[in-house]
Amino acid sequence: MKSVTLNHAHPIKMEARYIEEARKMSPQQRFDKLMAIIEISYILQAAKKIAK
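No experiment lies behind these values; they were computed from the predicted model shown.

Caption draft 1: Broad picture of the overall build of the protein chain. In terms of regular secondary structure, the protein chain is built from 2 helices and 0 strands. Counting over 52 residues, the protein chain shows a buried share of 4%. Per element, the accessible surface of the protein chain, about 5300 Å² overall, is 64% carbon and sulfur.

Have a look at this one:
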């Protein structure tokens, strides 16, 4: 199993890596990833309102 590392590279290299990663995904995987991002965004927005 590969160890997890944080990717800190030049923004252009990071963008190219993300684009390549997205191209390798199926449409269903892309949709699932988008839904996860939306869900996290909603949770964070709700958390800010509760904390105030």
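Caption draft 2: The arrangement of the pattern of salt bridges in detail. Taken as a whole, this structure holds 2 salt bridges when the rule is applied. Of the charged contacts in the structure, one is a salt bridge between arginine 17 and glutamate 21, with a shortest N-O distance of 3.6 Å. Linking arginine 17 with glutamate 21, this pair stays in helix α1 (residues 11-24), spanning 4 residues, or about one helical turn. A relative accessible area of 32% places arginine 17 in the partly exposed class. Where glutamate 21 meets lysine 33, a salt bridge forms, and the shortest distance between an N and an O atom there is 2.8 Å. Here lysine 33 lies in helix α2 (residues 27-51) and glutamate 21 lies in helix α1, a separation of 12 residues in the sequence. Note on lysine 33: relative accessible area 39%, which makes it partly exposed. In this structure, a network of salt bridges that share partners links the residues Arg17, Glu21 and Lys33.

Calculation notes
- Residues numbered from 1 in each chain as written.
- Predicted model: local features only at pLDDT ≥ 70, side-chain atom pairs only at ≥ 80, totals over all residues.
- Heavy atoms only, no water.
- Helix = DSSP H or I, 4+ residues; strand = E, 2+ residues; numbered from the N terminus.
- Buried < 20%, exposed > 50% of the residue type's maximum accessible area, 1.4 Å probe, protein only.
- Areas by Shrake-Rupley, 256 points an atom, 1.4 Å probe, with all protein chains shown as cover.
- Salt bridge = Lys/Arg side-chain N within 4 Å of Asp/Glu carboxyl O.

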